[in-house]
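The chain contents come next:
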Amino acid sequence: MAALTSSQSGNWSSSSTWGGSTPADGDTFTIAQGHKVTVNSDQRAGVGFGDILVRGCLHFDTNGKIRINGRINVEGNGSTDYSKSGGVSAQDFTEGSSSSGALLSATGNNIYLEFEGGASDDHGIWIENVSYSSWKFIGDDSVTTTELSAIANPGDEYLTVDSTTGFGLGDWVAIYNTNNARPEEQQDEGCWVHDVDASNNRIYTKKFVGPKAIVSSASGTSLVVDYGNIFRVGYKIIFGTGSNRNVRTITAISENTLTLNSSISGTISSGTEVYETGLDKKHAVDRKVRVNAHVLTSAAAVNDTTVTISDATDILVGDYINIDVNNDVDTNWDYNSEYIVTAKSGNTLTLNTAIGNIRKVGSLVQRLNRSINMVGVDTDVRAYCLVEYYTDSSRAGTREIGLKDCRWWQMGGNTNNTYYQGAVFVAGYNSDYRSFETNSREDYQSKYENCVVHSSNGLNNYTGMNTRHCQGFMWRNCISVNAAHRGFWQWSSHYDMQFMNNYSTRCAYSNMDNGACYNSPEYGYNYSTRSDDYAWLLHHMRNVCNVHNNIFLNHENRPLYIYYQTGGTQFRRMHFDGFRYIPYIGMGGGHAHFVDSYIQNKYYKQVPGTYAGYTDSFGVVDANDYFSNSGWDGRADYTRNPGFGMYSEYLDWNFEEGSIAMIEAANLVYQKSASKIWGLVNLRTETAIALQSHIYVPANTAVTITGEFKGEDNTSYSKPYLIAKKQASSRLGKYELNDSSTFATSSDSQNSNAFGFLDQSQFTSASQGLWEQKTMTVAAQKYAYRLIAGYRIDSDNQEEIGYLRELNIALSGNSKITKSKNFESRSLRSGASKKRISGRI
């Protein structure tokens, strides 16, 4: 083994590059500053080369292959020079300059970096935490892409592109700007292909998340569907394909009849699916349009060895593919979804092993091979790729990290350090795009683009695709499959992140984990399936971020867990289905609002009278209980909850106009189209307050509260209580104003400004099948206070639906109700008049 140092730029295999020595198995290398050494042929000899110190540039070109039994270290010059006159800096790697920075780079395709090394070996790629240390692996596009040939505007139903070859019906496509862009521009979009018009080079689209109806009949300008209330006047809808394709705007809705702006053309048969169409964003000419996933066009049964997909143009024999486990029968998470294509005939692929789980039509099929591949030579390798944590934000722009069309396979799991565990880990401040000025260093957007991590080695937290404390970093069109505990992990605080059109499946803890979100991030058009504990962990969401159009299907436990979020956190056009526990809203944060979103649950019994939408079977986990289990934080108990703890709200629930659902800790309450009657399901035995009302009660004012409850005819659970409590400590006067066995009542606490009370009245068997009314009067208090009123269930009623009417609350004397929530506006009168208060925001 020899220690070689470059004497000039040249090819790796050339002896003249190394001062007359030819690289041999086990040799170590130093690439001097200003030298560019290029790997453009197969150099995978023996057990591999040793450590490589990059002070200049190590570059991989098409067909470049190397085997490493050591570590590639990229060590820049640490310069404090931050100038960039004319858009170029002498401190960036400059061939021939003996003082320029360091760069690990690659362009082209069929590039392989193979790694050896066990759990305690320090093998892989390491980008040092000094200035002018950069890593740019920019591979050729690995799947079908085209470009826009005409501007696409919001509301447009089709994309005009250079070519439609390789795009199939049902495909998931991404539209994005391949050039640098400021994070706040938020230009990426995702949608589904509804139809392809090859003669006009048009791709017709449907919304990534949106309503779907089924045609009953079609005639003239009238389209009758199974559910009309999920659409709105003004929506643009698409139905039929080819010569039967129709794009129409809804001008009126009467129950299930949609009136359209022009007559229906072609033949639209009963059973045709109707979708909303129209782009969300504007896209300029030459923006990239990419196939993120094809779909199965026929179902695949267990033991099938062939599958037929929408378009197989970009899939080759020998490729790894992922076939999403999208059925409603298998409810676990740890299912194999990776296969190797052994033969191809048209759009039919032969697989190396039989299908292990049923796949329905529409299951996503994705090519996992990429142009640049970093792979462990076997499942025992624990190599890693790390961009070391860099903390100098003022010189972040000297470090440019661009990873496009890269794959990490059988990587990660090193035991030497937490940060060595990742297949790939980009940490600290690196360049983000902030200015168009030629003297600015912030002229490069660091990113993961079109990257894949799959079959990671070692089961630990960091073995997927990771970032730490990044700013303006782009995650775009990436795939994580079987990446151990976390598929995508944004660890610690992140600023202005873009997380768009990514897919993750089969993670032992969380498919996506976000440590903190600040400034103006966007999370949209992502697809997550089959995680063990959580689809998405989201912490410290400190801004009202742009979160929209995300799909979460078939998760073993929870589809979403958020904590420490700011009040008013909003999610738009989200789709949740297939889970054991409801989305978790932590007690330590504000309320969460889901707008025009879908949340039903095929794993349990369907909540009656609500739009079923995308599911075709219910109750595969529990056919007796409605909706889900709740999960619980003891601080949400009715005695401890300060009001609206663990609260989430769904406006236009399941896309249905006027339909509202609220999850209040352990209760689901819902109403359709402002009916003023609320359905109630208590999701477990813990007792939270349902249909809460909050008012500020003046001193010396009595409060009269009336509530009504009706159970099913066969109601067997303990009946609910009408309750009212003073917002105070959880003991509610239990020790201070009363004995230790009962809470104080409002009469007990009249003269206390320190302690709380609880008044309650239980409904009786008279509520079985009939409305029962309860009225109670809260005694006037010497001091003003905040009153929380509502209903609580004393046991699990999840197998039956209870019904509630909104509370009537009246204040004595001339007092007026002061609302502490934005309840719907109604006239308020003093005295004996009553005010019906909704728990709705």
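What you are looking at is a predicted structure, and each value in this text was computed from that prediction instead of being measured.

### What to know about the overall build of the protein
Scanning the protein for helices and strands turns up 0 helices and 65 strands. Taking 841 residues into account, the globule formula puts the C-alpha radius of gyration at 28 Å, and the protein, at 30 Å, falls close to it. In terms of overall dimensions, the protein has C-alpha extents of about 100 × 70 × 50 Å along its principal axes. For the protein, the residues scored as buried account for 60% of the 841 residues in total. As presented, the protein carries roughly 27,600 Å² of accessible surface, and 43% of it is formed by carbon and sulfur atoms. The averaged location of the 86 negative side-chain charges in the protein is 7 Å from the averaged location of its 72 positive side-chain charges.

### Describing the sheet that holds strand E23 (residues 257-260)
Strands sit in the order E19-E20-E23-E22-E21-E24 around a closed barrel of 6 strands; the barrel is antiparallel. In this sheet, adjacent strand axes meet at a mean angle of 45° when their direction is disregarded. Judged from the 4 bridges that link them, strand E21 (residues 236-239) and strand E22 (residues 246-254) form a sheet pairing that is antiparallel. Paired with Ile237 across the strands is Arg248, a residue of E22.

### Structural notes on a nonpolar patch on the surface
A surface patch of nonpolar side chains, about 240 Å² in accessible area, is lined by Val302, Val329 and Ile358. Topologically, Val329 is positioned in the loop between strand E27 (320-323) and strand E28 (338-345). Taking relative accessible area as the criterion, Val329 reaches 56% and is therefore assigned exposed.

### Brief notes about the nonpolar core
In this structure, Trp135, Phe137, Met374, Leu403, Trp408, Tyr448 and Phe571 are the most contacted members of the largest nonpolar core, which totals 85 residues. In this view, Trp408 contacts Trp135, Met374, Cys385, Leu403, Ala423, Val424, Tyr448, Cys451, Val452, Val453, His454 and Met465; residues no more than four positions away in its chain are not counted. Formed by 39 residues, the second largest nonpolar core is a distinct cluster that contains Phe208, Ala213, Tyr227 and Ile268.

### Description of the state of the cysteines
Scanning the entire structure with this criterion turns up 0 disulfides. No disulfide involves Cys517; its sulfur sits 5.1 Å from that of Cys545, the nearest cysteine.

### Points about the side chain of Asn511
Within the fold, Asn511 resides in strand E44 (residues 510-518). By relative accessible area, Asn511 is classed as buried at 0%. One polar contact links Asn511 to Ser528, side chain to side chain, over a distance of 2.9 Å. Apart from residues no more than four positions distant in its own chain, Asn511 is found in contact with Gly487, Phe488, Ser504, Thr505, Arg506, Ser528, Thr529, Arg530, Ser531, Tyr534, Ala535 and His555.

### Re the pairing of strand E43 (residues 503-507)
Buried residues dominate E43, accounting for 5 of its 5 residues. Pairing analysis gives 3 bridges linking strand E40 (residues 479-481) to E43, with the strands arranged parallel. Residue pairing for E43: Ser480 is matched across the bridge by Ser504.

### A short note on the environment of Leu279
Along the polypeptide, Leu279 turns up in the loop between strand E24 (273-276) and strand E25 (288-295). A relative accessible area of 4% places Leu279 in the buried class. In the structure, Leu279 is positioned 126 residues away from Asn153 in sequence and 6.9 Å away in space, judged by C-alpha atoms.

### Observations concerning the confidence of the model for the protein
Reading fine detail from the predicted coordinates is not recommended where pLDDT is low. Of all residues in the protein, 95% attain a pLDDT of 70 or more, and the chain-wide mean is 92. Between residues 820-841, whose pLDDT stays under 50, and residues either more than four places distant or in other chains, the model counts 73 contacts.

### Side note on the packing of aromatic side chains
Scanning the model with the defined rule gives 48 aromatic pairs in all. Between Trp135 and Phe137, the aromatic rings sit 5.7 Å apart at their centres with planes inclined by 80°, giving edge-to-face as the arrangement. Comparing Trp135 with Phe137, the two get one shared label, buried. The interplanar angle of 50° and the centroid separation of 5.2 Å between the aromatic rings of Tyr320 and Trp409 together place this pair among those described as tilted. One end of the pair, Tyr320, is in strand E27; the other, Trp409, is in strand E34 (residues 406-409), and 89 residues separate them in sequence. Relative accessible area serves as the criterion here: at 19%, Tyr320 is assigned to the buried category. For the cation-ring pair, Lys206 lies above Tyr275, with the distance from its terminal atom to the ring centre recorded as 3.9 Å. Positioned above the aromatic ring of Tyr626 is the side chain of Lys605, whose terminal nitrogen or guanidinium carbon lies 4.1 Å from the ring centre.

### Notes on unusual backbone geometry
The phi dihedral of Asn501 falls on the positive side, at around 60°, and the residue is not glycine. Take Asn501: it is sitting in the loop between strand E42 (498-500) and E43. When its relative accessible area of 1% is taken as the criterion, Asn501 is described as buried. Phi is positive for Ala665, which is not a glycine, with a value near 65°.

### What to know about the pattern of salt bridges
This model, assessed by the stated rule, comprises 32 salt bridges. Measuring nitrogen to oxygen at the nearest pair gives 3.5 Å for the salt bridge that ties Arg182 to Glu184. Residue Lys602 is joined to Asp328 by a salt bridge in which the shortest nitrogen-to-oxygen separation is 2.6 Å. With Lys602 in the loop between strand E52 (598-599) and strand E53 (647-651) and Asp328 in the loop between E27 and E28, this residue pair connects regions lying 274 residues apart in the sequence. The same class applies to Lys602 as to Asp328, namely buried. Here the residues in one salt-bridge network are Arg232, Glu276, Arg573, Asp596 and Asp652, joined through shared partners.

### Some points on the environment of Leu770
Structurally, Leu770 is set in the loop between strand E60 (758-762) and strand E61 (772-778). With 597 residues separating them in the primary sequence, Leu770 and Val173 have C-alpha atoms 52 Å apart.

### Considerations on the side chain of His454
Checked against the element boundaries, His454 lands in strand E37 (residues 452-454). Within the structure, the side chain of His454 is placed 3.0 Å from the side chain of Arg407, a separation counted as a polar contact. Those residues in contact with His454 that sit more than four places away from it in its chain are Tyr320, Glu338, Leu368, Arg407, Trp408, Trp409, Gln410, Val481 and Asn482.

### Details of the pairing of strand E35 (residues 424-427)
The two faces of E35 match: Val424 and Val426 on one face and Phe425 and Ala427 on the other face are all buried. Here strand E32 (residues 384-387) runs beside E35; their pairing, made up of 2 bridges, is parallel. Note that in E35 the partner of Leu386 across the bridge is Phe425. Sheet topology note: the E35/strand E38 (residues 465-468) ladder contains 4 bridges and is parallel. The residue of E38 that forms the bridge with Phe425 is Asn466.

### Observations regarding the environment of Trp172
Along the chain, the position of Trp172 falls in strand E16 (residues 172-176). In the structure, Trp172 is positioned 38 residues away from Gly210 in sequence and 14 Å away in space, judged by C-alpha atoms.

What counts and what doesn't
- Residues numbered from 1 in each chain as written.
- Predicted model: local features only at pLDDT ≥ 70, side-chain atom pairs only at ≥ 80, totals over all residues.
- Heavy atoms only, no water.
- Helix = DSSP H or I, 4+ residues; strand = E, 2+ residues; numbered from the N terminus.
- Rg over C-alpha atoms; globule rule 2.2 N^0.38 Å.
- Buried < 20%, exposed > 50% of the residue type's maximum accessible area, 1.4 Å probe, protein only.
- Areas by Shrake-Rupley, 256 points an atom, 1.4 Å probe, with all protein chains shown as cover.
- Lys, Arg positive; Asp, Glu negative; His and termini not counted.
- Charge placed at Lys NZ, Arg CZ, Asp CG, Glu CD.
- Pairing = 2+ DSSP bridges.
- Axes fitted to C-alpha atoms, helices over the stretch in contact; angles between N-to-C directions.
- Patch = residues over 30% accessible without salt bridge, like charges linked within 9 Å, V, L, I, M, F, W, Y side chains within 5 Å.
- Salt bridge = Lys/Arg side-chain N within 4 Å of Asp/Glu carboxyl O.
- Core = buried A, V, L, I, M, F, W, Y, C linked by side-chain atoms within 4.5 Å.
- Contact = heavy atoms within 4.5 Å.
- Disulfide = S-S within 2.5 Å.
- Polar contact = N/O pair within 3.5 Å; in protein donor to acceptor, adjacent residues only side chain to side chain.
- pLDDT = per-residue confidence, 0-100.
- Phe/Tyr/Trp six-rings, centres within 6.5 Å; stacked < 30°, edge-to-face > 60°.
- Lys NZ or Arg CZ within 6 Å of the ring centre and 35° of its normal.

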